[in-house]
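Structural features, examined
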Amino acid sequence: MNFSLIGIGATMALSAVGSGIGAGVAGMAAIGAWKKCFAQNKPAPFMLVAFVGAPLTQTVYGFILMNALKAAIGKMDPGLILGIGIFGGTAMGVSAWYQGKAGACAADAFAETGKGFGNYIMVIGLIETVALFIMVFMLGLIG
């Protein structure tokens, strides 16, 4: 059995699962916030889409790491590729999941008050940084 291929697939799959969960959580909150706005005859802020889309970047990071792992087949121990894939993908996926949870809170707060967009984006950006660090550190392990 080629454990390298499992690690390569896990990187992409686990980061994408987190992105899906995060975007789903933030999306549900955005829909609820828009509903409240419509019910109160207030304008529904389109900017909530930024909170919903933020977790999707972790899938891109997973794709980048996946390609680097794929290029490393034959040059690295298959167990190391497996470990980097599983742990790197999981870390990026969890980052996306919690980014979505923060985005959900941000969507609710911004729709209600119309204030604080920059503050909310900063928090989401900090959570994003975890995924970026994971990608960069794992790429450093590869080569």
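Use the structure listed above.
As the structure is a prediction and not an experimental result, all values here were calculated from the model. (Residues numbered from 1 in each chain as written. Predicted model: local features only at pLDDT ≥ 70, side-chain atom pairs only at ≥ 80, totals over all residues. Heavy atoms only, no water.)

Points about the overall build of the protein
- Per the secondary structure count, the protein includes five helices and zero strands.
- Put simply, the protein runs from its N terminus to its C terminus through helices and strands in the order α-α-α-α-α.
- Taken along the three principal axes of its C-alpha coordinates, the protein extends 60 × 25 × 15 Å.
- Within the protein, buried positions represent 38% of all 143 residues.
- In the protein, 83% of the contacts between residues at least 6 apart in sequence involve partners at least 24 apart.
- Put simply, the protein shows about 7400 Å² of open surface, and 76% of that area lies on carbon and sulfur atoms.
- Charged side chains of the protein number 7 positive and 4 negative; the gap between the two group centres comes to 6 Å. (Helix = DSSP H or I, 4+ residues; strand = E, 2+ residues; numbered from the N terminus. Buried < 20%, exposed > 50% of the residue type's maximum accessible area, 1.4 Å probe, protein only. Contact = heavy atoms within 4.5 Å. Areas by Shrake-Rupley, 256 points an atom, 1.4 Å probe, with all protein chains shown as cover. Lys, Arg positive; Asp, Glu negative; His and termini not counted. Charge placed at Lys NZ, Arg CZ, Asp CG, Glu CD.)

Overview of helix 5 (residues 117-142)
- Counted at 1.5 Å a residue, the expected span for helix 5 with its 26 residues is 38 Å, and the 38 Å between its end C-alpha atoms agrees.
- For helix 5, every residue scored as buried is listed here: Ile124, Glu128, Ala131, Ile134, Met135, Met138 and Ile142.
- Looking at the buried side of helix 5, the elements it contacts are helix 2 (48-53), helix 3 (57-71) and helix 4 (78-113). (Expected span 1.5 Å × (residues − 1).)

As for the pattern of salt bridges
- Enumeration over the complete set of coordinates arrives at one salt bridge.
- The salt bridge partner of Lys36 is Asp108, with a shortest N-O separation of 3.0 Å. Pair noted here: Lys36 is in helix 1 (residues 3-39) and Asp108 is in helix 4, with a separation of 72 residues, a long-range link.
- Take Lys36: its relative accessible area is 43%, and that puts it in the partly exposed class. (Salt bridge = Lys/Arg side-chain N within 4 Å of Asp/Glu carboxyl O.)

Regarding the packing of aromatic side chains
- What the rule picks out here adds up to five aromatic pairs.
- Ring geometry for Phe51 and Phe117: centres 5.3 Å apart, planes at 45 degrees, overall tilted. One end of the pair, Phe51, is in helix 2; the other, Phe117, is in helix 5, with 66 residues separating them in the sequence.
- Since its relative accessible area comes to 0%, Phe51 is described here as buried.
- Between Phe133 and Phe137, the aromatic rings sit 5.7 Å apart at their centres with planes inclined by 15 degrees, giving stacked as the arrangement. Linking Phe133 with Phe137, this pair stays in helix 5, spanning four residues, or about one helical turn.
- The exposed category is assigned to Phe137, whose relative accessible area is 54%. (Phe/Tyr/Trp six-rings, centres within 6.5 Å; stacked < 30°, edge-to-face > 60°.)

Some words on the environment of Ala23
- Here Ala23 lies in helix 1.
- Separated by twelve residues in sequence, Ala23 and Lys35 have C-alpha atoms that sit 18 Å apart.
- If we ignore the near neighbours within four places in the chain, the residues touching Ala23 are Val52, Pro55 and Leu56.

A few points about the packing of helix 4 against helix 5
- It is the contact of helix 4 with helix 5, at a shortest axis distance of 9 Å, that shows an interaxial angle of 175 degrees. By the angle class used here, helix 4 and helix 5 are roughly antiparallel.
- Among the residues forming the contact of helix 4 with helix 5, the class breakdown is 20 nonpolar, five polar and one charged. (Axes fitted to C-alpha atoms, helices over the stretch in contact; angles between N-to-C directions. Parallel < 35°, antiparallel > 145°, perpendicular 65-115°, else oblique. Nonpolar A, V, L, I, M, F, W, Y, C, P; charged D, E, K, R; others polar.)

Distances and angles like these do not, on their own, reveal function.
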